[in-house]
Amino acid sequence: MTLYLKYRPQTIDELDLESVRSQLKSLVSLQDKLPHAFLFAGPRGTGKTSAARILAKIVNCEKPVKTKDGIEPCNKCAQCKAISEGRSMDVIELDTASNRGIDDIRVLRENINLVPTSSSKKIYIMDEAHMLTVEAANAFLKTLEEPPSHAIFILATTDPEKLPITVRSRLTTVQFQKATAEEVARPLARIIKGEGLDVEDGVVEIIAACADGSLRDAVKMLESLVPAGDKITKKTAEDMLLSTNLINVEKLLESIMARNLEPVLIEIQKFIASGGSARSLIDALQALLRDKLLADPTPETIKLMKQLFEARANIAKSFAEELPLELALIEWIGVEKVQSKKKAPLLDSFASNGVTNVDPEAWTRILTETRSRNVSLEALLRTARPLTVDGNTLSVAVYYRFHKERLEAEQYRRMFEGVVGEVLGLASPRIICTLEDPPTSIKEAPPASLTQTQETDIIKAAEEIFGE
Ligand SMILES: [Zn+2]
């Protein structure tokens, strides 16, 4: 048996997400007024199925235990044991991913009127409920509208918005979210204690940083470290979880410090594509950078550290989790050099029929307005160069292909067009991105200029780029 199943929570108090514990406690306290249909919604690996089984046990337990703040299953009676072992006749677990059609729901509807064999309620746990076909969901809706009094439904899903609103509106939602580092540490502590593992301080933190809020992934990672030796050391954890499997963080930091932008971006893309988490990569980079910082604090190391903090904070606001990290590194490696060469002639000076250059002041307003809506997009635009306005079309130049792709992605393009329309007073604005070689100042700025502490305030940055 995997450790995740062996140490699966058996009571509400053992569940690892604090907010889920409190939501379930207040629901269970309703007792006879307990709703008959639930939606357990949230990211994968956060304990939805475990919570569903616990709820099923509380409902069918022969001797439920009253605790100081709620009710728990006894975990000793025949009902509890059968449910824990997945062999209760009255708790039916359906994997909706493979039973998603109208016929499966028809069978469910036929059986549902049979009273439970040995317990008070029949409980249907439907995993991956968003996989139901539209026809199946509509057929299921009829059951939800007139449920037999002996039935309880628990639908679990990572994508609640894919369920028809008519179905969702009849369900009582329990919201799961990514586990915090402290919450991830809970199941790890249970297992370390239960299995008598010898684990060095700091290992749990490394796992928490890599697990990206998934309790199941965290337990799997710990499990993968068990055969590595008698004692699980920080070194082993770092080697196995951070470097060997997905990326060599030390080498990446070396490339960053050497300001080799292209290999850095390629490595990050590869890491993300192979399933790595940007959040844990930033954590790992910061852990290594911290050693450098303490050994030899320079203004540029301090600045890089600060930019990594900013990137980490912006992950939640970005549509692609690696984008804030990429932008932080592009800024640190590239744009700083552009800024250091003041009064660079960045604006083309040609103007012909109906084509005008972008007024620097207007561009600054576009950036400021964008920043108030989305800091990632604004950071992206700061590394772009406005070219011309032709009718309702604004042309901008960017230096990297993936940069262009980002700006042209639906979500960003729409937002950018909205701001451009407002600031420049264009009716239905369009954006054209063109790819061009980076200005020589990016490639050839003398390293000496990098040690200056630069003001990153957006207005000042724009003044420096355009001249006052
Ligand atoms: Zn029981």
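Here is what the cut-offs are and how they apply
- Residues numbered from 1 in each chain as written.
- Predicted model: local features only at pLDDT ≥ 70, side-chain atom pairs only at ≥ 80, totals over all residues.
- Heavy atoms only, no water.
- Pairing = 2+ DSSP bridges.
- Helix = DSSP H or I, 4+ residues; strand = E, 2+ residues; numbered from the N terminus.
- Axes fitted to C-alpha atoms, helices over the stretch in contact; angles between N-to-C directions.
- Contact = heavy atoms within 4.5 Å.
- Parallel < 35°, antiparallel > 145°, perpendicular 65-115°, else oblique.
- Left-handed = near helix turned anticlockwise from the far one by under 90°.
- Nonpolar A, V, L, I, M, F, W, Y, C, P; charged D, E, K, R; others polar.
- Buried < 20%, exposed > 50% of the residue type's maximum accessible area, 1.4 Å probe, protein only.
- Arc of directions from axis to C-beta.
- Donors = N, O, S within 2.8 Å, 3.2 Å for Na, K, Ca; no water.
- Tetrahedral: all angles 85-135°; square planar, octahedral: opposite > 155°, others 65-115°.
- Phe/Tyr/Trp six-rings, centres within 6.5 Å; stacked < 30°, edge-to-face > 60°.

Asks: Looking at this structure, I do not really get the sheet that holds strand β12 (residues 393–398). What am I missing?
Replies: Paired through their backbone hydrogen bonds, the strands of a sheet run either parallel or antiparallel. One open sheet holds the four strands; their spatial order is β10-β11-β12-β13, and the pairing between them is mixed. Strand pairing shows two members of the sheet lacking a second neighbour, β10 (355–357) and β13 (430–435), which therefore form its edges. Pairwise comparison of adjacent strand axes, ignoring direction, gives a mean angle of 25 degrees for this sheet. Along the sheet, helix α19 (residues 401–408) contacts β12 and β13; its crossing angle with β13, the most-contacted strand, is approximately 170 degrees.

Asks: Please explain the packing of helix α9 (residues 203–211) against helix α10 (residues 215–225) as it appears in this structure.
Replies: In a pair of packed helices, the angle between the axes and the distance between the axes together describe the arrangement. Contact geometry of α9 with α10 gives a least axis separation of 9 Å together with a crossing angle of 130 degrees. Looking at the two axes, α9 sits oblique to α10. As α9 packs across α10, the resulting crossing turns out to be right-handed. Facing V203, I207, C210 and A211 of α9, the residues of α10 in contact are D217, A218, M221, L222 and L225. In terms of residue class, the contact of α9 with α10 is made up of eight nonpolar, no polar and one charged.

Asks: Is there a simple way to explain α19 in this structure?
Replies: In an α-helix, one full turn covers 3.6 residues, which means residues spaced three or four apart are oriented alike. Buried within α19 are the following residues: F402, H403, R406 and L407. The buried residues of α19 all sit within an arc of 140 degrees when viewed along its axis, so they share a single face.

Asks: Where do I start with the environment of V184 in this structure?
Replies: In this fold, V184 is placed in helix α8 (residues 181–195). C-alpha of V184 to C-alpha of A211: the two residues are 27 residues apart in sequence and 8.1 Å apart in space. Here V184 is in contact with A179, A208, L215 and A218, once residues within four sequence places are set aside.

Asks: For this particular structure, what's the right way to read the sheet that holds strand β6 (residues 151–157)?
Replies: Reading across from one edge, β4-β5-β6-β1-β7 is the order of the five strands in this open sheet, with parallel pairing throughout. Looking at the sheet topology across the chains shown, the edges are occupied by β4 (91–95) and β7 (172–175). Across the sheet, the mean angle separating the axes of adjacent strands is 20 degrees when strand polarity is ignored. Sheet topology note: the β4/strand β5 (residues 122–127) ladder contains five bridges and is parallel. Counterpart to E93 in the pairing with β5 is I125. Each of β4, β5 and β6 is contacted by helix α5 (residues 102–111), which is oriented at about 165 degrees to β5, the strand it contacts most.

Asks: What is the right way to read the coordination of the zinc ion from this model?
Replies: Metal coordination angles in their ideal form are 109.5 degrees for the four-donor tetrahedron and 90 or 180 degrees for the six-donor octahedron. Only C61 (SG), C74 (SG), C77 (SG) and C80 (SG) from the protein reach the zinc ion as donors, at distances of 2.2 to 2.3 Å. For the zinc ion, the four donor atoms in the first shell make angles of 101 to 120 degrees at the metal, so the coordination geometry reads as tetrahedral. Mapping the donors of the zinc ion onto the primary sequence gives the spacing C-x12-C-x2-C-x2-C. The same class applies to C74 and to C80, which are both buried.

Asks: Quick question: what am I supposed to make of the packing of aromatic side chains here?
Replies: Within this structure, the stated rule accounts for five aromatic pairs. Centroid distance F140 to F153: 5.3 Å. Interplanar angle 85 degrees. Geometry classified as edge-to-face. Taken together, the residues span a long stretch of sequence, with F140 in helix α6 (residues 134–145) and F153 in strand β6 at a distance of 13 residues. The same class applies to F140 and to F153, which are both buried.

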